[in-house]
Amino acid sequence: MNIDEIIEQYTIESSIDTNIDRLNVTDVQEKLVNNKHKWSARLINHKIKLNKYKAIRLAILEEKIEEYQNTQPVMVNRSIAEKAVIKKKDIRVIDDKINNELLIIQHVENIYKNISFATNDIKNLVELMKLEMQ
């Protein structure tokens, strides 16, 4: 799945998980803990994926730097070699994956915050319903 599809799917799911009205307030409140766990697990999974991509990037970068230094007729220092290989396709591809994971993590963190604050929304809705019944 690409980033657009993941964000769209998560947006749809989060809107279902946070849809609170007078008729479903009890149901949403009962599911709140499970929803927090679901989004927390997704957040951790994406952070694990991000760490894997960073490790892959580092390994590819080290390989490309060493390869570059070995193919040069004169000894090239590491910073020059890194600047020379940083624009290689392999590095750009993994950088794109890292940036996409960072965006997904940011999105899931926002969803998690909304789910966490749902208890306040439920409390406010219940208070409003009490006031209307008086």
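Keep in mind the model is a prediction, meaning the values are calculated, not measured. (Residues numbered from 1 in each chain as written. Predicted model: local features only at pLDDT ≥ 70, side-chain atom pairs only at ≥ 80, totals over all residues. Heavy atoms only, no water.)

S.K.: What am I meant to see in the overall build of the protein chain here?
M.R.: If you tally the helices and strands in the protein chain, you get 5 helices and 0 strands. Put simply, the protein chain runs from its N terminus to its C terminus through helices and strands in the order α-α-α-α-α. Whereas a compact globule of 134 residues would reach a radius of gyration of roughly 14 Å, the protein chain reaches 23 Å, over 25% beyond that. Counting the 134 residues in the protein chain, one finds 28% classified as buried. In the protein chain, the proportion of contacts linking residues at least 24 apart, taken out of those at least 6 apart, comes to 78%. Put simply, the protein chain shows about 9300 Å² of open surface, and 54% of that area lies on carbon and sulfur atoms. The average position of the 21 basic charges and that of the 21 acidic charges among the side chains of the protein chain differ by 4 Å. (Helix = DSSP H or I, 4+ residues; strand = E, 2+ residues; numbered from the N terminus. Rg over C-alpha atoms; globule rule 2.2 N^0.38 Å. Buried < 20%, exposed > 50% of the residue type's maximum accessible area, 1.4 Å probe, protein only. Contact = heavy atoms within 4.5 Å. Areas by Shrake-Rupley, 256 points an atom, 1.4 Å probe, with all protein chains shown as cover. Lys, Arg positive; Asp, Glu negative; His and termini not counted. Charge placed at Lys NZ, Arg CZ, Asp CG, Glu CD.)

S.K.: Can you walk me through the side chain of Glu-13 in this structure?
M.R.: Its place among the elements puts Glu-13 in helix α1 (residues 3-17). Glu-13 gets classed as buried once you look at its relative accessible area, which sits at 18%.

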